[in-house]
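One-letter residues, chain by chain:
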Amino acid sequence: MKIQAAVAYPGETEFKVETVTLEQPKDDEILIEIAGVGICHTDIFARDLAAVLFNDPAVLGHEGAGTVVAVGERVSKVAVGDRVAVTFRSCGSCGNCERGPAAYCEDFQVLNMSGKRVDGSTGLTGETGQLAGNFFGQSSFATHCLTYERNVVKVPESIPLELAGPLGCGIQTGAGAILNSLNAEPGTAVMICGGGPVGQSAVMAAKIRGCRTIILVEPQASRRDFALEHGATHAIDPAAGDVKVAVKEIVPEGLEYAFDTTGIESVIADAAACLKNRGALGLVGLSHVDASLPVKINRLAGAGVRLIGILEGDSEPDQFIPELMDLHLAGKLPFDKMITTYPFEDINRAIAEQHAGECIKAVLIP
Ligand SMILES: [Zn+2]
Ligand SMILES: [Zn+2]
C-alpha cells in the first residue's frame, strides 16, 4: 500500500516527507494507522547516524499510537479497530526477556536498531529502492506502520489516542527511572538533570512517589517553570553558578537519588557529587561514544554510592504503560501538558522547535 513517511537520507539533516510503499503484514505483524507519533531524541540520534546504522535511507519514529487496521494470521493480542500505543520491541524468549525487564532483551539491538526485520527484509520501498525500517519494531514517522504483539499496548477511549505514543518511550523512561529503576522512597530528596520530556516525566513520578525534595536542573527558564508547576520543589539554572553549591543549600545532607537525562559528563559528575552515602545515580542520557566518567572508587566501595544505567525505565510495557495511563486518568501524570502537536509534514520544524526548547514534547499528527 502507498503511505506517507518521513525519510531520513544518510548525510542529510532534514527528513523528507514522501510517498513510499509499505507491505501488508506478515503472519506476526500488525498494521497500524498512526494517529500521532512523538519525536524522541533517539530519532535524531539515528537520523544523524543513518549512514553508520543503515545501508539505505530510513524511516524512523518509535513513539507511535494509532488504530489497528490489519493483523497477520498469528496475531491474537489485538484485533482490527483496537486503539494501541506502540513501544520498543523485545523477543520475549531470551533469558533477559523471561527474567525482565524486557528492555534488556539480548536481541534489543537487532530488533530495534538494525533497520530490518529478522529475515533481512524491511517492508518499505521508496523512490530510490529499499528503505530501512522496523525502527524499534515500528518506524512510525508515517501514516501507517508495521509492528508486533510485544510492541503494542491497548489505549482506553478516555485517553486521546494521538497523544499516547510518548508513553511507549520518553514518558515510561522518565517515570520508570524513578518508580522502577531507582525505586525512589517517599520522603527522600531527588535531583533530575535535564527538563526535556524524560526529565519532566521523572519530576511527575517523583511527586507521585512522595519524594520530599524534587530538584530540576535545567538551563531553560520555561522548562524550569513547567517542572515547578508539575511537582518540582526547586529548580536550578546551571548557568547561574555551581550546581553542587546550590544543591547543598537546599539539601545540606545530600541527595538520596539523582537522575541524569543529559549524557553530559560534567553534569553527571556534579550529580554524583551531590549524593549522600548509599545514594543512587540513574543514567539514561546517551552520550558520545568515548564519553566516560571519572568515578571515585571510594565513593562506591566506601560509601555505597550506586550508579545505575537505565533503558526504557526498566519497563515491562504490558504492565507499566497501563499503570501510567491509570496515573494519567487520576490526574497524577499530566504528560499531555508537555505535548505540542504539529502536522506530520512539519516534522523538521517540530524537531527544531523541540530542540530550541519552544516545546517540551512534539507529537506529529499524520
Ligand atoms: Zn525514545
Ligand atoms: Zn529477548
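Quantities reported herein were computed from a predicted structural model and do not represent experimental measurements.

Caption draft 1: Broad picture of the pattern of salt bridges. In the structure shown here, the tally under the stated rule is 16 salt bridges. The salt bridge involving D48 is made with R47; its shortest N-O contact spans 3.0 Å. Under the relative-accessibility criterion, R47 is labelled buried at 10%. Among the ionic pairs, E353 bridges to R349, the shortest N-O distance being 3.3 Å. Remark: R349 and E353 occur in helix 12 (residues 347-355); sequence separation between them is four residues, near one turn of the helix. Here the residues in one salt-bridge network are E23, E29 and R117, joined through shared partners.

Caption draft 2: Region of the structure containing a nonpolar patch on the surface. Together, L293, V295, L300 and L307 give the surface a local cluster of nonpolar side chains, amounting to about 260 Å² of exposed area. Locating L300 in the fold gives a position in helix 10 (residues 297-303). The exposure class assigned to L300 is partly exposed, which follows from its relative accessible area of 33%.

Caption draft 3: Structural detail: empty space enclosed by the protein. Summed over all chains, the structure comprises one cavity of 30 Å³ or more. Reported here for the largest cavity is a volume of approximately 80 Å³. Taken together, 13 residues form the lining of the largest cavity, with L22, T122, N134, Q138 and L146 sitting closest to its centre. With three residues, the single largest contributor to the lining of the largest cavity is strand 9 (residues 144-148). Of the residues contributing to the lining of the largest cavity, the split by class is five nonpolar, six polar and two charged.

Thresholds applied
- Residues numbered from 1 in each chain as written.
- Chains lettered and ligands numbered in written order.
- Predicted model: local features only at pLDDT ≥ 70, side-chain atom pairs only at ≥ 80, totals over all residues.
- Heavy atoms only, no water.
- Salt bridge = Lys/Arg side-chain N within 4 Å of Asp/Glu carboxyl O.
- Buried < 20%, exposed > 50% of the residue type's maximum accessible area, 1.4 Å probe, protein only.
- Helix = DSSP H or I, 4+ residues; strand = E, 2+ residues; numbered from the N terminus.
- Patch = residues over 30% accessible without salt bridge, like charges linked within 9 Å, V, L, I, M, F, W, Y side chains within 5 Å.
- Areas by Shrake-Rupley, 256 points an atom, 1.4 Å probe, with all protein chains shown as cover.
- 1 Å grid on protein atoms, 1.4 Å probe; cavity = no way out; pocket = protein on both sides within 12 Å on 5 of 7 lines; lining within 4 Å.
- Points joined across faces, edges and corners; volume = space filled by probe spheres on them.
- Nonpolar A, V, L, I, M, F, W, Y, C, P; charged D, E, K, R; others polar.

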